[in-house]
Each structure stands twice: as structure tokens, then as C-alpha cells.
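Residues per chain are reported as follows:
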Amino acid sequence: MMAADGALPFSVASVMETVLQQHDIQPRHLDLDSRRAEEIATRRYEATAWMRTMIGVVEARDLPAQPSEEEFRVALKSGLILCHVINKVDPGSVPKVVEGPCDPSSVPDGAALCIYQCFENVRNFLVAVEQMGLPTFEASDLEQGGKSFRVVNCILALKSYHDWKQTGGNGTWKFGGNLKPIASGKNFVRKNSDPFKNSLSRFISMNEASMNGQLLETENVEMPDSSLNMLLRAVLFDKKPDEIPMLVESVLGKVMEEFENRIANQFESTKETPTGDSTLLKHTTDEIKVNDKKCALVKKDENLHKNSISNEEKGRKHRKYQILLDIQERDIKALKQTLLTTKAGMQFMQAKFHEEIQNLGLHVHGLATAASGYHRVLEENRKLYNQVQDLKGNIRVYCRVRPGRSDFQSVVDNIEEGTISINSPVKYGKGCRSFNFNKVFGPSATQAEVFADTRPLIRSVLDGYNVCIFAYGQTGSGKTHTMTGPKDLTENSQGVNYRALGDLFFLAEQRKDTFQYVVSVQMIEIYNEQVRDLLATDGLNKRYPFLLLHIATLTSKFEH
Ligand SMILES: Nc1ncnc2c1ncn2[C@@H]1O[C@H](COP(=O)(O)OP(=O)(O)OP(=O)(O)O)[C@@H](O)[C@H]1O
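Residues numbered from 1 in each chain as written. Predicted model: local features only at pLDDT ≥ 70, side-chain atom pairs only at ≥ 80, totals over all residues.

**Considering the overall build of the protein chain**
Let me state the cut-off plainly: Runs of E in the DSSP output that reach at least two residues are strands. Runs of H or I that reach at least four are helices, and both are numbered from the N terminus. Whether a residue is buried, exposed or partly exposed is read from the other C-beta atoms within 10 Å of its own C-beta, which are placed from the backbone; 20 or more gives buried, 12 or fewer gives exposed, and intermediate counts give partly exposed. In this description, a residue-residue contact is defined by the distance between C-beta atoms placed from the backbone, which must lie within 7 Å.
Counting its secondary structure elements, the protein chain contains 14 helices and 9 strands. Within the protein chain, the fraction of its 560 residues that count as buried is 21%. Considering only intrachain contacts with a sequence separation of at least 6, the fraction spanning at least 24 residues in the protein chain is 62%.

Structure, rendered in C-alpha cells:
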């Protein structure tokens, strides 16, 4: 049968028992509970015997040859026996065994045991066991109510390891490699079990020599193969000889069917693994767990390494950001200080500017007042000036006597301020006649003296008055000489026209900030009742009417 090869995680007996239960075939005269207890005790005695052999009865004095479960637990609770045993199997596995003064046998329930001793020794033992790849147990399993069968399993696994070493230790010893794991079928699922940790004990079985069976659970004990004969005998005990063949055939058929179901379930549960072939069934869950733990430790180390690198990186970034933050805070403080200084400066400048604006306003107001006064005075002056000109007469007539020729006798008898006396020729009756003018200039009068009485009228032109100055006299009397000057013109010989225009532009320049004048000049000649433009360069425009008229706001006409 397949179960016989030991590679399956369940035994023939367990299948048998399941079939009997399902079909309500109860073996008679068989006390399963007592049988199970007997099996547990047998295994405990086996583990105890082996430990006593390993360390000697003296050192194992606290451990009776056939201890009860309680005696077994109390004897091992200090961890001393366990540590000594494992050091015998593999010297140095527990480098330091805490030898306590406590005597567990003298203290009920081990209450007086040194907690430190218990903790250290048991922990060190479990670490060493785990490193060997053996099934472990919980420290609490050594407490009252703990699962001591797991302790037994662990010790028997250690015994198996020791036996393997004793036989030469060929190859690599793997826990479970020569064991029969327990099926994970319905009957073996532990209530409230830890799917990872407790699965160790679920699949643990003892070596073939010591156990020839499977792990015993307190809640659901699997039948060992050694009990198969007992089971069959119990079933067939009260059967008649002619019933036995049919019953055996029926039971075997059911067993085969159950067997196939369990194999199918097992295959289903393992085929999800990458190498889900039948060879995987030979690996125990303990092995997988150890590997998983190692992988977990490696990953943990990698994560720790990554975390440490990440923390260093974070630290560097944090310091960098802190430095930048400090710099920015300093800059912000400096900017705030600058802002305050600038603000204060701006306020000072604003106050100063406001003050200066006020002063300037006062000055402007003063200037405006002064200008207003100046203009009022100027206007008054202008009015008074022109009133004087009016009082002098709107029409003024001056007389100028040309120097006489040496070959002619002058008719001028006498010249006074405004009167000239002329000797009348004989043909008009001898006598002397006087003529009155605004002023009479004698033959020695200069051009400047003649212009002096005319100059005030030039200013009146710029004040808006119309002024006309013209010369009248017979041919050769000196009109051109008086108005323009001689042919060889000098500054002193300039006549009224030049001097009047000179004064006109001089006064306009003086008043340019106040007034803007536009000056145009037109010079015409009226001769033999013909009007001619003397400034025209084109002969066609010389005669009146002119094609081009010059418009002037202020006009001064000079004619002779
Ligand atoms: N006051 C003066 N002093 C010296 N020379 C003068 C004076 N007045 C006139 N003359 C001279 O007398 C001459 C005639 O004068 P002018 O040409 O000015 O007269 P006129 O009145 O303009 O003559 P016409 O009407 O023919 O043009 C000129 O040679 C001029 O230089």
C-alpha cells in the first residue's frame, strides 16, 4: 500500500479509523483513549530514557525513568537537562548553561524556579534546536497545562538527529527526510492552531525506529501503524467466520477510497508550489518553515540595511533642507531689515519732499504775487508811456535841413527849437517867413539825433499801437539819406529804418519770456502814382497789385 512507503503524510491506521467511523463500524473491547494515553506515555518514556542515557542518571536525577506528564514537565522546566542533552548531541550548541540553585523537585509546580534560569536555558535550547532544523516547542509548553507532547516530539527528533550522527552522518541530515509527516486532512486540523508555527508539531513524526507512527495531538490523536493489527482484531473480534471475508473486502474498498481521497487532497494542497511533483511530499513542513524563517531573516536584514540607508539619506536631506531653511530665514530677516530701513528712508524722504513742496508752493505763490504785481506795474507803465506819447501828439512833424552846397546860398535864416525862418526870394516879396514843427534839425544834425525823437514810438509798436513814419520833401532834399542812410553805410550813418528795426528786434528779444512777436517787413515804392515792391526778386511781382501779400501783426511802413 502507498502508506507503507512512508512518503505519505498519513498512516494506514488513520485511514482505517476514519473509514470505521464514517461507516459506524465500532471496534469493540477497544479503549481508544487508554490506547492513546498509552502511546503518549510510551513516547515520553522513550524520550526520558534516551535523555537519561545521554547525560547519566545522576545528572538526570530529577527525571524519573518513567515520569508522569507532570514530572516530565517539571523536570525539564529549568532547561538544565535539555541544555546538557543537546550539548551531548552537538557540543557547544548551548555555549553557556545557567546552573541554578533551584531544585524543582522540592518546589511544587516549579514556582520557586529561577525565572532567569528557566528563560535563558530554555531559550538557548530552543535556538539551538531551531538552528539544527528540528521541531521546536513553546516555552509555555513546559508550564502547567502546556502541550508536553510537543516537548516529547522535539526530544525524539533530537534523538533521531543524534542517531543519524552516530551512524556516520552521511549526506545532509534533513529533519523529516526519514520521517512520515502527518496528513493535513480534516482529522488533523488543530482547533485554534497557528497555521505556521503549530504546523510544525502537526507534521512532526518520530523516526521509524522509535515510533513507527505519527505525531500525537492532545486534541485529535492519530492512530499509529503499530495499532493497525489491534484495530483489525477489535473490529473482527465478534464477527462470525463467514462474515469476515465480506467485511474485510468492504473495509478494504472503503480504505482504498479514503486513501485516494486523501492523496487527491494532498496533491491539491501541494500542487500550487512551483515544483509540485511527488518529490515535494518528502519535504517536511519543518524544513520549509526553517527555510522560510531564513528567508525572512535575510529579508529582514535587507530591509534593515535598506532602512538604514534610507534613514541616512533622509538624514542628509533633512540636514540639507535645514541649512537651506536657515539661509532663507537669514535672508528673510535681512530683507525685513532692509525693508524697514527703506521704509524709514522713504518716510523721511516723503516728509522732506512734502516740506519742500510746501516751501516751493510758498515760493511759487510769492513769485506769482510778484509776477502779478510786475505785470500790473508793467501795464501801468505801458499805459503811462503811451499816454506820454499821446500827449506829445499822435501826429508829429519834424523838419531836417540838408547841408547846403557851397555854390548855392542857403535860404535858411534862422533855426530854433521848433521854428525855422526862411528868407523869401525876391520874386515872392522880400521878407522872412517862419514855420513851426515839433522839432527842426539843422544841417549838422546827425542820424542818431534825428532817430532819438522817433525811438519812443518803436516801443509803442510792441505795445500794440500803430505807428507810421514817413519822409516828405522835394527831390534831392535828403529823404533817402534820413530814412536809410548814405550809400557807404556805417553804423553811425544808419538811418531811421535800420535803427527802428534794430530797436524792434531788441525789445522783442527782451520780452520773449512774456510775449511772442511775429515780424514781417514789406517795402514798397510809390512813384509817379505807381506802387512797386522793392523787396521782390521776381520782376513780375514788382508792380502792384502784388501776387504775394505779407501779413504782419505788427506793421511798420516806411516810404519816401
Ligand atoms: N543831411 C545830409 N547830409 C549830407 N548830405 C545829404 C544830406 N541830405 C542829403 N544829402 C545828400 O544830398 C543828396 C540828395 O539826397 P537824397 O538822395 O537823399 O534826396 P532825395 O530827397 O531822396 O531825392 P529824390 O527824391 O530824388 O530821391 C545825396 O547825395 C545826399 O547824400
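**What about the pairing of strand β3 (residues 419-424)?**
Worth spelling out the cut-off: Note: two strands are recorded as paired if DSSP finds a minimum of 2 bridges between them.
The sheet contact formed by strand β2 (residues 412-415) and β3 spans 3 bridges and is antiparallel. Looking across to β3, one finds that Ile415 is bridged to Ile420. Sheet topology places β3 next to strand β4 (residues 431-436); 6 bridges connect them, and they run antiparallel. Within β4, the position partnered with Ser421 by the bridge is Ser434.

**Structural notes on unusual backbone geometry**
The phi torsion of most residues other than glycine is negative, and most of the peptide bonds are trans. With a phi angle near 55 degrees, Asn528 is a residue other than glycine that sits in the positive phi range. Relative to the elements of secondary structure, Asn528 occurs in the loop between β7 (524-527) and β8 (530-533). A positive phi is found at Glu529, a non-glycine position, where the angle reads about 60 degrees. Position of Glu529 among the secondary structure elements: in the loop between β7 and β8. We classify Glu529 as exposed; it has 5 C-beta atoms within 10 Å.

**Description of the UniProt feature "binding site: ATP" (unreviewed entry) in the protein chain**
To keep it simple, the criterion reads: UniProt positions are given in the numbering used here, feature names are shortened, and annotations may be inferred rather than shown by experiment.
Taking the UniProt record as the reference, the feature "binding site: ATP" (unreviewed entry) is found at Gly473, Gln474, Thr475, Gly476, Ser477, Gly478, Lys479 and Thr480. Tracing the sequence through the fold places Ser477 in the loop between β6 (467-470) and α13 (479-483). Positionally, Lys479 belongs in helix α13. A residue is classified by how many C-beta atoms lie within 10 Å of it, and Lys479, with 19 of them, is partly exposed.

**So, the site of the ligand**
Cut-off, in case you're wondering: Nearness rests on one distance test: the residue's C-beta atom, set from the backbone, must lie within 6 Å of the molecule or strand. Residues were grouped as follows: Ala, Val, Leu, Ile, Met, Phe, Trp, Tyr, Cys and Pro as nonpolar; Asp, Glu, Lys and Arg as charged; and all remaining residues, including Gly, as polar.
The full set of residues close to the ligand is Arg402, Pro403, Gly473, Thr475, Gly476, Ser477, Gly478, Lys479, Thr480, His481 and Pro486. A per-class count over the shell around the ligand returns 2 nonpolar, 7 polar and 2 charged.

**Remarks on the sheet that holds β2**
Convention followed: Axis lines are fitted through C-alpha atoms, for helices just across the contact stretch, and the angle between N-to-C directions can take any value from 0 to 180 degrees.
Strand order in the open sheet made by the 3 strands is β2-β3-β4, with antiparallel pairing throughout. Of all the strands in the sheet, just β2 and β4 have a single pairing partner and so form its edges. Taking each pair of neighbouring strands and ignoring which way they run, the sheet shows an average axis angle of 20 degrees.

**Observations concerning helix α6 (residues 148-166)**
Cut-off, in case you're wondering: Here the expected length of a helix is defined as 1.5 Å per residue gap, with one fewer gap than residues.
Its 19 residues give α6 an end-to-end C-alpha distance of 27 Å, which sits within 8% of 27 Å, the value for a rise of 1.5 Å per residue. Of all 19 residues in α6, 14 are buried, a share of seventy percent or more. Phi for Gly168, located one or two positions after α6, is positive at around 115 degrees.

**Brief notes about the nonpolar core**
This is how the line gets drawn: Defined on buried residues, the nonpolar core groups Ala, Val, Leu, Ile, Met, Phe, Trp, Tyr and Cys residues joined through C-beta atoms within 7 Å.
With 34 residues, the main nonpolar core has Ile81, Ile86 and Phe125 as its most contacted residues. Residue assignment for this core shows that the elements contributing at least two residues are α2 (32-55), α3 (69-76), α4 (80-89), α5 (115-132) and α6. When residues of this core are assigned to their parent elements, the largest contribution, 9 residues, is made by α6. If we ignore the near neighbours within four places in the chain, the residues touching Ile86 are Ser93, Val94, Phe125, Ala128, Val129 and Leu158.

**A look at α5**
Counted at 1.5 Å a residue, the expected span for α5 with its 18 residues is 26 Å, and the 26 Å between its end C-alpha atoms agrees. Of all the positions in α5, only Cys118, Asn121, Val122, Asn124, Phe125, Leu126, Ala128 and Val129 are classed as buried. The secondary structure elements touched by the buried residues of α5 are α4 and α6. Backbone geometry just after α5 places Gly133 at a positive phi near 85 degrees.

**Some details on the environment of Asp141**
Within the secondary structure, Asp141 sits in the loop between α5 and α6. A C-alpha to C-alpha distance of 9.2 Å links Asp141 and Lys77, two positions 64 residues apart in sequence. What Asp141 contacts, discounting residues up to four positions off in sequence, is Gly146, Lys147, Ser148, Arg150 and Val151.

**Points about the confidence of the model for the protein chain**
We apply this condition: Values of pLDDT, the confidence the predictor places in each residue, fall between 0 and 100.
For the protein chain, the mean per-residue pLDDT works out to 76, and 71% of the residues sit at or above 70. At the low end of the mean pLDDT range in the protein chain sits helix α7 (residues 198-203), at 36; at the high end sits helix α11 (residues 447-452), at 95. Note on residues 177-226: pLDDT is under 50 here. Beyond four places in sequence and across chains, it has 119 contacts. Counting interchain partners and residues more than four positions distant, the pLDDT-below-50 stretch residues 547-560 has 27 contacts. At the level of chain-chain contacts, confidence expressed as ipTM amounts to 0.98, with global pTM at 0.38.

**Some details on the packing of helix α12 (residues 455-462) against helix α14 (residues 496-510)**
Note the threshold: By definition in this entry, angles of less than 35 degrees are roughly parallel, angles greater than 145 are roughly antiparallel, angles of 65 to 115 are roughly perpendicular, and the rest are oblique. Note on convention: the crossing is left-handed when the near helix lies turned anticlockwise from the far helix by less than a right angle, right-handed when the turn is clockwise.
Contact geometry of α12 with α14 gives a least axis separation of 9 Å together with a crossing angle of 45 degrees. Regarding the angle of α12 to α14, the classification is oblique. At the point where α12 passes α14, the crossing takes the right-handed sense. Packed against α12, whose contacting residues are Arg455, Ile458, Arg459, Val461 and Leu462, the element α14 presents Ala500, Asp503, Leu504, Leu507 and Ala508 at the interface.

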